[in-house]
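An overview of the molecular structure
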Amino acid sequence: MALTGLEIYKQLPKTNCKDCGFPTCLAFAMKMAAGQVPLDKCPHVTAEGKAALESASRPPIQVVRIGTDANEIKVGNETQLYRHEEKFYRPAAVAVRVSDTLDEAALAERAKAIGQLVFERVGTRIKVNLVAVDNASGDAARFELAAKLAAEKSGLACVLMSASAANLARAAAALSGQRPLLYLTDPTDPTEAEAAAAVAKDNQCPLAVAADGLEALAELTPKLAAAGVEELVLDPGTRTLKETLEALTRIRRLALKGFRPVGYPAIALTTADDPTMQAVEASTFIVKYAGVVVTDAIEPWQILPILTTRQDIYVDPQKPVAVEPKLNAVGEVNEQSPLLVTTNFSLSYYSVEGEVEASRVPAYILSVDTEGTSVLTAWASDKFNAETITQAMKKSGIEERVAHRKVMIPGFVAVLSAGVEDESGWSVLIGPKEASGIPSYLKNQWQA
Ligand code: SF4
């Protein structure tokens, strides 16, 4: 269990020296108990005190690193049950499975396709993070070959899935230095888990272990930690959507209450045969509360909603997603190109940009700083008004880029037209209310 402020205080020097930035040792202890300051902010705590306080300074959910360099992804270290209380920090890793029962050509092709599952959404690149190599054959040599091929062809870090610690050892050695997640999938034999821990320790890899339920997991993880594997990932052994969802929720709740044996990220597998349900399962596990999701879904139409869900869940709900407020050129603009104005709310901006691209009419889009709020919200809060639009136009240098003096504002804020004309001296054109009307407007009504 997590330590209380008073329990922490007992281990501090009690000199009230203020070197930690707090007026007293007690104030520091209370902040540390709340998880708001790490122990190393006190430079005077003794080695004995440090050892006693280790559990209090560890995050409630251990950080686990998978892969290296550009492929490295960290999962864990979440502190909340509900994202409206504070944001979630470390997006779940999405892994797509490839079986070592495939022949070499098919395996290489699938791994390559997994590595190409990259999309751009609201200005951000979203992608599959891992290739999960499944030792479905049970054969060590096939598994080793599949691991090498999958890593090479996908260009991603790996999850190595096997029921055998010996097979994991062989594949891990083949990916030496790449820090794959070793995943012992058989929940029935705790001694195999201890053998897998030795493999993980020898290869300096994180280890995922399956167990037959949460109670069995809670008994197993202290043994694995004592064997020297700090970075663990938990598989509660459930294989239906309902049971896995319940298990993931229990793990998160217990971990946040300070129950250390389950204070690790969890891994969840989609098990549905139906391709649509695979996407539904993966998205559900991302929302609550998997650190790693392994799925057979590989089609872009399956993966995009999974990654979109992840992107939406891991943004700060208290901060609108914003783009940089600036003048943007779309296409081969010239001095006769139209000027459209919108806000810097990313969905507003990218809706407009997408429609301008679709129109094939090169144009300037000026995104005005409205602190990431949409057109109507910004107008209602007086962030998108004649003055802010005119200031943004002046700052952008648009006067030197176009020969005309016409600016198009969104149809929803037509009421601003007179004010913008007065402030800027430019003619205001009332654009369509919806971005979808932009192509037709630019082609049929725009004239410099
Ligand atoms: Fe106390 Fe350590 Fe802070 Fe000094 S630095 S006030 S000893 S907690």
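What comes next concerns the included structure.

**What about the overall build of the protein chain?**
Each helix and strand in the protein chain was counted, giving 17 helices and 17 strands. With respect to the three principal axes, the spread of C-alpha positions in the protein chain is 80 × 65 × 35 Å. Looking at the 448 residues of the protein chain, the share that counts as buried comes to 48%. In the protein chain, the share of contacts with a sequence separation of at least 24, taken over all contacts with a separation of at least 6, comes to 67%. In the structure as shown, the protein chain presents an accessible area of about 20600 Å², 50% of it carried by carbon and sulfur atoms. Of the side-chain charges in the protein chain, 45 are positive and 55 negative, and the distance between the mean point of each set is 4 Å.

**Considering unusual backbone geometry**
A cis geometry characterises the amide bond from K288 onward to Y289, with omega recorded as -15 degrees. Relative to the elements of secondary structure, Y289 occurs in the loop between helix 10 (275–287) and strand 12 (292–295). Within the chain, K18 stands out as a residue other than glycine whose phi angle is a positive 75 degrees. Here K18 is to be found in the loop between helix 1 (5–11) and helix 2 (25–33). Phi at R179 takes a positive value of approximately 50 degrees, unusual for a residue other than glycine. Within the secondary structure layout, R179 lies in the loop between helix 6 (165–174) and strand 8 (181–184). The class for R179 is buried, based on a relative accessible area of 12%.

**Quick word on the nonpolar core**
In this structure, L160, L182, L207 and I303 are the most contacted members of the largest nonpolar core, which totals 68 residues. The element contributing the most residues to this core is helix 5 (residues 140–154), with 6 residues. Other than its neighbours up to four places away in sequence, L182 contacts L160, L168, A172, V199, A200, C205, P206, L207 and A208. The next biggest cluster of nonpolar side chains, apart from the first, holds 22 residues, and it includes F384, A386, I398 and I409.

**Points about the sheet that holds strand 10 (residues 232–235)**
Across the sheet, 8 strands lie side by side as 10-9-8-7-6-3-12-11; this open sheet has parallel pairing. On the outer flanks of this sheet lie strand 10 and strand 11 (267–269), each paired with one strand and no other. The mean inter-strand angle of the sheet, taken between neighbouring strand axes irrespective of direction, is 25 degrees. Sheet topology note: the strand 3 (residues 93–99)/strand 6 (residues 130–134) ladder contains 5 bridges and is parallel. Considered in strand 6, the bridge of V96 is made with V131.

**Describing the site of the ligand**
Taken together, P13, T15, N16, C17, K18, D19, C20, C25, F28, C42, P43 and H44 make up the full set of residues adjacent to the ligand. A majority-of-atoms criterion places the ligand in the second largest cavity. A per-class count over the shell around the ligand returns 7 nonpolar, 3 polar and 2 charged.

**Digging into the packing of helix 9 (residues 241–256) against helix 10**
Packing of helix 9 against helix 10 brings their axes to within 10 Å, and their N-to-C directions diverge by 10 degrees. It follows that helix 9 is roughly parallel to helix 10 by the angle criterion. Along its contact with helix 9, which presents L241, T244, L245 and L248, the element helix 10 presents M277, E281, T284 and F285.

**Points about the pattern of salt bridges**
For the structure shown, the criterion picks out 13 salt bridges. Bridged by salt links that share partners, the residues R65, E72, R179 and E231 form one connected network.

**Notes on empty space enclosed by the protein**
Enumeration according to the criterion identifies 3 cavities of 30 Å³ or more in this entry. Around the largest cavity sit 14 residues that line it, and R252, P265, A266, Y289 and G291 are the ones nearest its centre. Residue composition of the lining of the largest cavity, by class: 9 nonpolar, 2 polar and 3 charged. The space that makes up the second largest cavity amounts to roughly 90 Å³.

**A short note on a negative patch on the surface**
A surface patch of negative charge is lined by D382, E387, E421, D422 and E423. No other element matches the 3 residues that helix 16 (residues 417–424) contributes to the negative patch. By secondary structure assignment, the location of E423 is in helix 16.

**Section: the packing of aromatic side chains**
Applying the stated criterion across every chain, the model contains 4 aromatic pairs. Relative to F28, the ring of F22 has its centre 5.9 Å away and its plane inclined at 70 degrees; by these criteria the two rings are edge-to-face. Grouping residues by exposure puts F22 and F28 together as buried. Ring pairing ties together the aromatic residues F88, Y289 and Y314, which thus form one cluster. Above the ring of Y9, the side-chain terminus of K14 is found at 5.6 Å from the ring centroid. Stacked on the ring of F88, the Lys or Arg R252 has its end atom at 5.6 Å from the ring centre.

How each quantity is defined
- Residue positions are given per chain, counting from 1 as you read along its sequence in written order.
- Whole-chain, interface and lining totals are the exception, using all residues; otherwise, since this is a predicted model, local features are given only for residues with pLDDT of at least 70 and side-chain atom pairs are given and counted only at 80 or more.
- Each side-chain value is derived from all of the structure's non-hydrogen atoms; neither hydrogens nor water enter the calculation.
- Under the DSSP-based scheme used, a helix requires at least four consecutive residues in state H or I and a strand at least two consecutive residues in state E, with every element numbered from the N terminus.
- Exposure categories follow from relative accessible area, calculated using a 1.4 Å probe and restricted to protein chains: below 20% of the type maximum is buried, above 50% is exposed, and the middle band is partly exposed.
- Any two residues whose heavy atoms approach within 4.5 Å are treated as being in contact.
- Note that accessible areas follow from Shrake-Rupley with a 1.4 Å probe, and for residues the cover is restricted to the protein chains shown.
- Under the convention used here, Asp and Glu are negative, Lys and Arg are positive, and both His and the chain ends fall outside the count.
- One atom stands in for each charge, and that atom is NZ of Lys, CZ of Arg, CG of Asp or CD of Glu.
- Think of a nonpolar core as a cluster: buried Ala, Val, Leu, Ile, Met, Phe, Trp, Tyr and Cys residues, connected wherever their side-chain atoms sit within 4.5 Å.
- Here the rule is simple: two strands pair whenever DSSP picks up at least two bridges between them.
- Note on geometry: axes are C-alpha line fits, over the in-contact stretch for helices, and angles between N-to-C directions span 0 to 180 degrees.
- The near set for a molecule or strand comprises every residue that places at least one heavy atom within 4 Å of it.
- Grid spacing is 1 Å over the protein atoms alone, the probe is 1.4 Å, and a cavity is where that probe fits but cannot get out, while a pocket is an open set with protein on both sides within 12 Å along at least five of seven lines and lining residues have an atom within 4 Å of a point.
- Think of it this way: if more than half of a molecule's atoms are within 2 Å of a pocket's grid points, that molecule is in the pocket or cavity.
- For this scheme, ten residues count as nonpolar: Ala, Val, Leu, Ile, Met, Phe, Trp, Tyr, Cys and Pro. Four count as charged, namely Asp, Glu, Lys and Arg, and the remainder, Gly too, count as polar.
- Our angle categories are set so that under 35 degrees counts as roughly parallel, over 145 as roughly antiparallel, 65 to 115 as roughly perpendicular, and the remainder as oblique.
- Should a side-chain nitrogen of Lys or Arg be within 4 Å of a carboxyl oxygen of Asp or Glu, the pair is scored as a salt bridge.
- Grid points are joined across faces, edges and corners, and a volume is the space filled by probe spheres set on the points.
- Patch membership is restricted to residues that have no salt bridge and whose relative accessible area is over 30%. Joining uses 9 Å for like charges and 5 Å for the nonpolar side chains Val, Leu, Ile, Met, Phe, Trp and Tyr.
- Stacked, tilted and edge-to-face are the three classes applied to pairs of Phe, Tyr and Trp rings, where Trp contributes its six-membered ring and a pair requires centres within 6.5 Å; stacked means planes under 30 degrees apart, edge-to-face means over 60, and tilted covers the rest.
- Two thresholds decide whether a charge sits over a ring: the Lys NZ or Arg CZ must be within 6 Å of the ring centre and within 35 degrees of the ring normal.

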